[in-house]
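# Analysis of the macromolecular model
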Amino acid sequence: MTNPLPPDDLGDLVACLTCDALHRLGAVPVGARAKCTRCGTVLMAPRAGAMTRIVMLAATALVLMVAAVFFPFLDLSAAGLSQHSSVLDAITAFSDGLLLPLSFAVALLIVILPALRLLAILYAIAPMMIGYHPLPHAQRAFRLVQVLRPWAMAEIFIVGVAVALVKVAGLATVSLGPAFWAFAALVLVTALKDNFMCKLTVWKTLENRTAS
């Protein structure tokens, strides 16, 4: 489905992200996959109803993000004392003195950037899902989605919490709050959303509908 060729016509050329081989990518049927002829990396894999699923999952992730931030996250009980904590408590725990930049970093990486990425996805894709033309600067919004992906670390936070719970469990009684499960669901929904998203398909759709 893809053929390497010299770059005589750059308009239809696609570079493999793994080996940088150039291909002229034609129309790829829904459900098919276009792979790099050199290394086998999937270049394009359009799926039926993918945009609807991406938008719905992104909206679900936003709702889960709100629940994860404001609902109780953990309850710790030891020696007759009880401590309730939330994600906001985790962020503000470093807000004094020299650790203030760490508080900003935690807020940025586990709340602000993931939420901004979800909003950018909705801005770029939601109008096309219902058949409208892309909104102004939709391509910039989707480029932001790709730039922010390595920096949205909600899944790193939940893994770190799980490791900490293993160590704390022997010292105190730990009760998981609704925000913990919301955060865990958020990680799963985000992974599922990214699995449905074919970046090249979205880019081509944005270009075609912007030009039309």
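In this report, we go over the structure that sits alongside the text. (Residues numbered from 1 in each chain as written. Predicted model: local features only at pLDDT ≥ 70, side-chain atom pairs only at ≥ 80, totals over all residues. Heavy atoms only, no water.)

### Considerations on the side chain of Ser103
- Relative to the elements of secondary structure, Ser103 occurs in helix H3 (residues 100–129).
- Those residues within four positions of Ser103 in sequence are excluded, and the remaining contacts are Ile91, Thr92, Phe94 and Ser95. (Helix = DSSP H or I, 4+ residues; strand = E, 2+ residues; numbered from the N terminus. Contact = heavy atoms within 4.5 Å.)

### Topic: the pairing of strand E3 (residues 22–25)
- Side chains His23 and Leu25 project from E3 onto a buried face, and the interleaved Leu22 and Arg24 project onto a face without burial.
- Two successive antiparallel strands, strand E2 (residues 13–15) and E3, enclose a turn made up of six residues, where Asp20 displays a positive phi of approximately 70 degrees. (Buried < 20%, exposed > 50% of the residue type's maximum accessible area, 1.4 Å probe, protein only. Pairing = 2+ DSSP bridges.)

### Some thoughts on a nonpolar patch on the surface
- Together, Val66, Phe70, Phe71 and Leu88 make up a nonpolar patch on the protein surface, roughly 400 Å² of accessible area in all.
- Assignment of secondary structure puts Phe70 in helix H1 (residues 50–70).
- We classify Phe70 as exposed; its relative accessible area is 57%. (Patch = residues over 30% accessible without salt bridge, like charges linked within 9 Å, V, L, I, M, F, W, Y side chains within 5 Å. Areas by Shrake-Rupley, 256 points an atom, 1.4 Å probe, with all protein chains shown as cover. Salt bridge = Lys/Arg side-chain N within 4 Å of Asp/Glu carboxyl O.)

### Here we look at the side chain of Lys193
- With respect to the helices and strands, Lys193 occurs in helix H6 (residues 178–196).
- A residue is classified by how much of its surface remains accessible, and Lys193, at 0% relative accessible area, is buried.
- Once you skip the residues sitting within four places of it in the chain, Lys193 turns out to touch Ile54, Leu57, Ala58, Arg117, Leu118 and Ile121.

### Observations concerning the nonpolar core
- The biggest cluster of nonpolar side chains holds 49 residues, and the ones touching the most others in it are Phe73, Val87, Ile125, Phe142 and Phe183.
- Excluding residues that lie within four positions of it along the chain, Phe73 makes contacts with Ser85, Ser86, Val87, Phe157, Ile158, Val161, Ser175, Leu176, Gly177, Ala179, Phe180 and Phe183. (Core = buried A, V, L, I, M, F, W, Y, C linked by side-chain atoms within 4.5 Å.)

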